[in-house]
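# Structural characterization, general
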Amino acid sequence: AKLGSEGLFEESRKRPLPRWPRRIGVVTSPVGAVWDDICTVLRRRYPIVEVVLSPTAVQGGVSAPAIVRALRRLYAVDGLDLVILARGGGSIEDMWGFNAEEVVRTVAASPIPVVVGVGHESDITLADFAADRRAPTPSAAAEIAVPDGTQLPNILARLSERSATATAARFEAARRAVRGEGRALTGLRPDLAASRQRAAELLDRAH
């Protein structure tokens, strides 16, 4: 209730995830299936992304301060586009560190978007509410964090077609502008024959 009254869970403060992330930070235990599952999903969906692991304990009495330290390490890394905070399933006691006030505040204070995927779909922690996006599982967090790379050829083909169309339109507009300028310059060209005739008439009158 206290954190909610401070607006840390408000939908209005949640940021959109980057569409094409280049570097993703992951906060989780370096041992166990979660880290492997996240890497597998990222390699399958978007193998060009760079992944930076900030290891942490994810259960027990030391987990909350360890998670805070791991998050802050990533916040200091240049060029990160997104952070995934994750751990596998377990008892509510195992996941209690993700309900700690200091963890929630550190997630909410992130300078970049955070995706939290803790436990199974039915498991919910306060860190989920503070995150920019909640994922039902760690693997789902990885799915949410990156686009489907198998669609990149189709996307690039559409972008190439749009670029070619836009370029052709700009060239045509430039050609029309040049033709218009040419017509305007033709209108400004001096009539030398008329000027010579006028000069001759003036000379005759002068004589």
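To be clear, the structure that these remarks concern was listed above.
Here is a short report on the structure shown in this document. Here the structure is a predicted model, which means the values were calculated and not measured.

Helices and strands together make up the secondary structure of the chain, namely 8 helices and 5 strands. In the chain, the order of α-helices and β-strands from amino to carboxyl end is α-β-α-β-α-β-α-β-α-β-α-α-α. Taken over C-alpha atoms, the radius of gyration comes to 32 Å for the chain, far larger than the 17 Å a tight globule of 207 residues would show. A buried classification covers 38% of the 207 residues belonging to the chain. Here the contacts in the chain between residues at least 6 apart in sequence split such that 70% fall between residues at least 24 apart.

Before going further, it helps to spend a moment on the nonpolar core. By size, the foremost hydrophobic cluster in this structure holds 29 residues, and its most contacted members are Val 103 and Val 107. Not counting chain neighbours up to four residues away, the residues in contact with Val 103 comprise Ala 64, Ile 67, Val 68, Gly 97, Phe 98 and Ala 127. Counting residues in hydrophobic clusters, the runner-up holds 21 residues, among them Trp 35, Val 49, Ala 135 and Ala 145.

One open sheet holds the 5 strands; their spatial order is β2-β1-β3-β4-β5, and the pairing between them is parallel. Edge positions in the sheet fall to β2 (50-55) and β5 (133-135), since each has one partner strand and no second. Recorded for the sheet is a direction-independent mean angle of 20° between the axes of neighbouring strands. Strand direction decides the pairing type here: strand β1 (residues 23-28) and β2, joined by 6 bridges, are parallel. Within the sheet, the bridge partner assigned to Thr 28 lies in β2 and is Pro 55. Against the sheet, helix α2 (residues 33-45) contacts β1, β2 and β3 (82-87), and its axis sits at roughly 160° relative to β1.

Here the focus is the pairing of β1. Among the 6 residues of β1, 5 are classified as buried, and the element is accordingly described as predominantly covered. Chirality of the crossover, the property in question, places the unit of β1, α2 and β2 among those that are right-handed. Across 4 bridges, the pairing between β1 and β3 is parallel. Paired with Ile 24 across the two strands is Leu 82, which belongs to β3.

With that settled, consider the pairing of strand β4 (residues 114-118). Within β4, 5 of the 5 residues are buried, leaving the element largely enclosed by the surrounding structure. Following the backbone out of β3, through helix α4 (residues 101-108) and into the adjacent parallel β4, one traces a crossover that is right-handed. Judged from the 3 bridges that link them, β4 and β5 form a sheet pairing that is parallel. Bridging from a neighbouring strand, Val 116 pairs with Arg 134 of β5.

Under the counting rule described, the total for this entry stands at 12 salt bridges. Residue Glu 6 is joined to Arg 105 by a salt bridge in which the shortest nitrogen-to-oxygen separation is 2.8 Å. Highlighted residues: Glu 6 in the loop between α1 (2-5) and β1 and Arg 105 in helix α4, separated in sequence by 99 residues. Among the salt bridges present, the one from Asp 132 reaches Arg 15, with a minimum N-O distance of 3.0 Å. Residue Asp 132 is found in the loop between α5 (126-130) and β5, and its partner Arg 15 is found in the loop between α1 and β1; the two are separated by 117 residues along the sequence. Overall, Arg 15 belongs to the partly exposed group, its relative accessible area being 25%.

Attention now moves to the packing of helix α3 (residues 63-75) against α4. Packing of α3 against α4 brings their axes to within 8 Å, and their N-to-C directions diverge by 15°. When the interaxial angle is binned, α3 and α4 end up roughly parallel. Our pair here, α3 against α4, has a crossing hand that is left-handed. Together, Ala 64, Pro 65, Ile 67, Val 68, Leu 71, Arg 72 and Tyr 75 of α3 and Glu 102, Val 103, Thr 106 and Val 107 of α4 make up the contact between the two elements. A breakdown of the residues in the contact of α3 with α4 according to their chemical character gives 8 nonpolar, 1 polar and 2 charged.

Locating Gly 117 in the fold gives a position in strand β4. For Gly 117, a relative accessible area of 0% corresponds to the buried category. Along the primary structure Gly 117 and Leu 85 are separated by 32 residues, whereas in three dimensions their C-alpha atoms are 6.3 Å apart.

Conventions adopted
Residues numbered from 1 in each chain as written. Predicted model: local features only at pLDDT ≥ 70, side-chain atom pairs only at ≥ 80, totals over all residues. Heavy atoms only, no water. Helix = DSSP H or I, 4+ residues; strand = E, 2+ residues; numbered from the N terminus. Rg over C-alpha atoms; globule rule 2.2 N^0.38 Å. Buried < 20%, exposed > 50% of the residue type's maximum accessible area, 1.4 Å probe, protein only. Contact = heavy atoms within 4.5 Å. Core = buried A, V, L, I, M, F, W, Y, C linked by side-chain atoms within 4.5 Å. Pairing = 2+ DSSP bridges. Axes fitted to C-alpha atoms, helices over the stretch in contact; angles between N-to-C directions. Right-handed = clockwise from strand over helix to strand, strands pointing away. Salt bridge = Lys/Arg side-chain N within 4 Å of Asp/Glu carboxyl O. Parallel < 35°, antiparallel > 145°, perpendicular 65-115°, else oblique. Left-handed = near helix turned anticlockwise from the far one by under 90°. Nonpolar A, V, L, I, M, F, W, Y, C, P; charged D, E, K, R; others polar.

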